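# Coordinate inspection notes
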Amino acid sequence: MTAPTAEVEDASANWAKARAGVGDKIFAGTALAAGCVILAALAGVFIFLAIKGASGFTKPAEVYGPHAESFLGYVVPLLIGTFTASIIALIIAVPLAFGIALVISHYAPRWVAAPVAYVIDLLAAVPSVVYGLWGAFFLAKQLVPMHVWLHENLGPIPLVGNLFGEPNPAGRSVLTAGIVLAIMILPIITAITREVFSRTPRLHEEAALALGATRWEMVRMTVFPYARSGMVSAVMLGLGRALGETMAVTMVLSVGFDLSWNIIATSSPTSIAANIALKYKERSADLLNVLVATGLVLFLMTFLVNFIARWIVGRSERRMAR
Amino acid sequence: MTTLEEVQTRVHVPLVQPRLPRQAPGIVGVIAIAFGGLLLVLGTGLVGSVIIGAIAFLVVLPVWSLVIEGRRGATDRLMTGLIWTSFGIAVVPLVSLIWRVISKGAGRIDGTFLSYSFFKTQIDQPVGVYHAIIGTLLITLGAAIISVPVGVMAAIYLVEYGKGNKLAKAITFLVDVMTGIPSIVAGLFAFALFTLIFGPAYVSGIGGSVALSLLMIPIVVRATEEMLMLVPDDLREAAYALGTPKWKTIVRIVLPTALGGILTGVTLAISRVIGETAPLLLIAGATDRTNMNLFDGAMTTLPVLIYGQNLRGDAPAEAIAWGAAFILIVIVMVLNLAARIIGKIFAPKKG
């Protein structure tokens, strides 16, 4: 009696394996391969940029053009341009984004919050080139009076005045580019902070209110401490976006090589991404290598910023899970 | 007698802090608007009056509150005002941008604009953006064909097979990091890849598709992953209990259940990459002719065309740029709307 049962079990196990085995193996293999394609793509970005750009780091001096003699001399002004525009964008976008996130998560009633969130998502959906077009043809002109005002009123102040030197007559300054960038990174910062704000435990909030806290005190004492790491990483992700954004800077900024503190200047160094978009057309092999090399620098920089941001998010998620 | 008076005065100690009347923000708001309106009439510009009106509101209400409610109440009023103001500030550029694109672009749209390319066979032939619309659709389609299978399969691996092993964790993390790759770097990658293989000065639509798919894959993976995780385990276990192999369970049970969410995610991903400019500048080039072949020759897309017209900068070029921007915005908005409708249609029915 025992032998046939064992045989049947054995057979059924074999049957299941035989029927399912092949299909399952193929399917699992395809899925695994797709996952590996993603890893390979990311590695490929680095490898191909490195192959193409390696020679760009050590070209003869004349390749780096009239304003620089070495790769370092070429890339440092671009780095400064990239960071100036990005930091201006962050200074404008971060308080706004936190405010909007609070409106959506805590201040507005639900029937207001949903459309507000939708409007902010719309901001993210507008293509960057349209922002560039709007910034170049419309916003820059509108900001000319502000440039003049900043120069006249803040220019004479020592130290701060350095930022507001001779203004650009067309408004095509780093400041304008930074404002356009700020609008573009606003949605991502808002989306992430909104998410972490709304995860604040309800009991913390109610405890604060029950102790007589005003709404702002409740936000300051319960929401912000709980969401701190999420807020930091949202800012980092916004920074990553701003560093790599091409079109807004390319189309708005009037490019030059004057290294100065003046953020409303007539000609300021452009960003790495914008420089690539502006120069790629020359299609001289040497310059292309240099451009790819600067692209590699940009890639590593944004990778690092995003890596740190995601790491902070992941760490805080693990801490909350515990 | 005196004791009774004392008691009566003691009873008057208020148990609650004095509060402003409920209508206080409204009253101050009306005053601020009236003040701004007065400035507008007196000749301050529109922007200036609005700013001064907002500042007046942000000063008057907290000061009033400071007098009656005390410092804490005033801080609360001020922060509430600032937080709502931040939302107002964010809406201004969006409204301005949409209004600009519609007012400048909508008028340019007509039959010839949509059906002619830049390539002129006669000297007085009208120009249009037909070639760019075709280019945009083909390149984005190419990107979708590459990234949807890869993205969906990778998400299946992460949710169904990987389940928390080291490789899956690494992929999840790197996909998150990948969402932050600058688009120009994706373009450089495609450029480096294709020029290394096919020699320098290579341009084609498919290169653009590859660059865009690098940007699209992470979005597809994230959306699909989230949807697959929402599929209840009961469904999978019921299928296993009936002896269905795992792959068939995934194909016949899990994927159809999550289909709506996946389609929504894919549509949103497409709407994100369809407006990309920088990578296509580098690898897909620009041309005046209509090119239907993804694998050969330069291909213009709407964003690249807008950028090119912006560089030219003269009045007809600017008009064409706004017209193209209008078409692009309409496409993106339609895709967003489609994503929402798809999500509604395929949403799992309750009950």
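What counts, and at which threshold
- Residues numbered from 1 in each chain as written.
- Chains lettered and ligands numbered in written order.
- Predicted model: local features only at pLDDT ≥ 70, side-chain atom pairs only at ≥ 80, totals over all residues.
- Helix = DSSP H or I, 4+ residues; strand = E, 2+ residues; numbered from the N terminus.
- Rg over C-alpha atoms; globule rule 2.2 N^0.38 Å.
- Buried ≥ 20, exposed ≤ 12 C-beta atoms within 10 Å, placed from the backbone.
- Contact = placed C-beta atoms within 7 Å.
- Domains from an automatic or database assignment.
- Nonpolar A, V, L, I, M, F, W, Y, C, P; charged D, E, K, R; others polar.
- Axes fitted to C-alpha atoms, helices over the stretch in contact; angles between N-to-C directions.
- Left-handed = near helix turned anticlockwise from the far one by under 90°.
- Core = buried A, V, L, I, M, F, W, Y, C linked by C-beta atoms within 7 Å.
- Expected span 1.5 Å × (residues − 1).
- pLDDT = per-residue confidence, 0-100.

Secondary structure assignment for chain A yields eleven helices and zero strands. The helix and strand sequence of chain A, counted from the amino end, reads α-α-α-α-α-α-α-α-α-α-α. In terms of C-alpha radius of gyration, chain A reaches 27 Å, well past the compact-globule figure of 20 Å for 322 residues. Along the first, second and third principal axes, the C-alpha set of chain A runs to 100 × 65 × 30 Å. Out of the 322 residues in chain A, the part that is buried amounts to 46%. Of the contacts made within chain A by residues no fewer than 6 positions apart, 79% connect residues no fewer than 24 positions apart.

A tally of helices and strands in chain B yields 14 helices and zero strands. Starting at the N terminus and ending at the C terminus, chain B contains elements arranged as α-α-α-α-α-α-α-α-α-α-α-α-α-α. For chain B, whose C-alpha radius of gyration is 30 Å, the value lies well above the compact-globule estimate of 20 Å for 351 residues. Each of the three principal axes of chain B carries a C-alpha extent, and together these read 105 × 70 × 40 Å. Across the 351 residues of chain B, 45% fall into the buried class. Of the contacts made within chain B by residues no fewer than 6 positions apart, 73% connect residues no fewer than 24 positions apart.

On to the domain arrangement of chain A. Residue and element names in this part refer to chain A. One can read the domain layout of chain A as domain 1 (1–58) and domain 2 (71–321). Summarising the inter-unit geometry, the C-alpha centres of domain 1 and domain 2 are found 41 Å apart. Across the boundary between the two partners, domain 1 contributes eight residues, which contact eight residues of domain 2. Classifying every residue of the side of domain 1 that touches domain 2 gives four nonpolar, three polar and one charged.

Next up on the list: the environment of H131 of chain B. All names here are of chain B. Here H131 is to be found in helix α6 (residues 130–162). On the basis of neighbour count, H131 is assigned to the buried category, with 25 C-beta atoms found within 10 Å. Taking the C-alpha atoms as reference points, H131 and L114, 17 residues apart in sequence, are found 9.0 Å from one another. Residues within four places of H131 in sequence aside, it is in contact with S117, F118, R289, T290 and T300.

So, on to the interface of chain B and chain A. With 70 residues of chain B in contact, the opposing surface of chain A contributes 76 residues. Among the elements that make up the side of chain B that touches chain A, the one with the highest residue count is helix α4 (residues 71–105) of chain B (19 residues). Here the side of chain B that touches chain A is composed, by residue class, of 51 nonpolar, twelve polar and seven charged.

Residues and elements named next belong to chain B. Assigned domains of chain B: these are domain 1 (17–107) and domain 2 (130–346). Of note, the centres of domain 1 and domain 2, computed from C-alpha atoms alone, are 41 Å apart. Facing five residues of domain 1, the contacting portion of domain 2 comprises five residues. Split into classes, the residues belonging to the side of domain 1 that touches domain 2 amount to three nonpolar, one polar and one charged.

All names here are of chain B. Its place among the elements puts S117 in the loop between α5 (111–115) and α6. Accessibility expressed as a C-beta count within 10 Å gives 21 for S117, which makes it buried. In this structure, the C-alpha to C-alpha distance between S117 and R289, residues 172 residues apart in sequence, is 6.3 Å. Setting aside chain neighbours within four positions, we find S117 in contact with G128, Y130, H131, D288, R289 and T290.

Residues and elements named next belong to chain A. Two elements in contact, helix α2 (residues 71–107) and helix α6 (residues 174–198), have axes separated by 6 Å at closest approach and are oriented at 35°. The way α2 lies across α6 gives a crossing that is right-handed. Grouping the constituent residues of the contact of α2 with α6 by class yields 23 nonpolar, eight polar and one charged.

With that settled, the discussion passes to the nonpolar core. It is characteristic of soluble globular proteins that their nonpolar side chains tend to be buried jointly. Counting 193 residues, the largest nonpolar core has F189, A324 and A325 of chain B as its most contacted members. At 18 residues, α2 of chain A tops the list of elements feeding residues into this core. For F189 of chain B, the residues in contact, after removing those within four places along its chain, are G44, V45, F48 and L49 of chain A together with A211 and L214 of chain B.

Let's shift gears to the packing of helix α4 (residues 128–142) of chain A against helix α14 (residues 315–346) of chain B. Between α4 of chain A and α14 of chain B, the least distance of the axes is 10 Å, while the angle of their chain directions is 145°. In this structure, α4 of chain A meets α14 of chain B at a crossing whose hand is left-handed. Facing α4 of chain A, whose interface residues are V130, L133 and F137 of chain A, α14 of chain B presents E318, A321, A325, L328 and I329 of chain B. Within the contact of α4 of chain A with α14 of chain B, the residues separate by chemical class into seven nonpolar, no polar and one charged.

Here helix α8 (residues 183–198) of chain B spans 22 Å end to end across 16 residues, near enough to the 22 Å set by a 1.5 Å rise per residue. In the stretch just after α8 of chain B, G199 of chain B is the one whose phi turns positive, near 90°.

Moving on, we come to the environment of S316 of chain A. Residue and element names in this part refer to chain A. Along the chain, S316 falls in helix α11 (residues 285–321). Here S316 falls in the partly exposed class, since 18 other C-beta atoms lie within 10 Å of it. Each C-alpha atom, one on S316 and one on G155, is 43 Å from the other, the two residues being 161 residues apart in sequence. Those residues in contact with S316 that lie beyond four places of it in its chain are S229 and G230.

For the rest of this paragraph, the subject is the confidence of the model for chain B. On average, residues of chain B score 86 in pLDDT, and 95% of them reach the 70 mark or higher. Reported confidences for the modelled complex are a pTM of 0.85 and an ipTM of 0.84.

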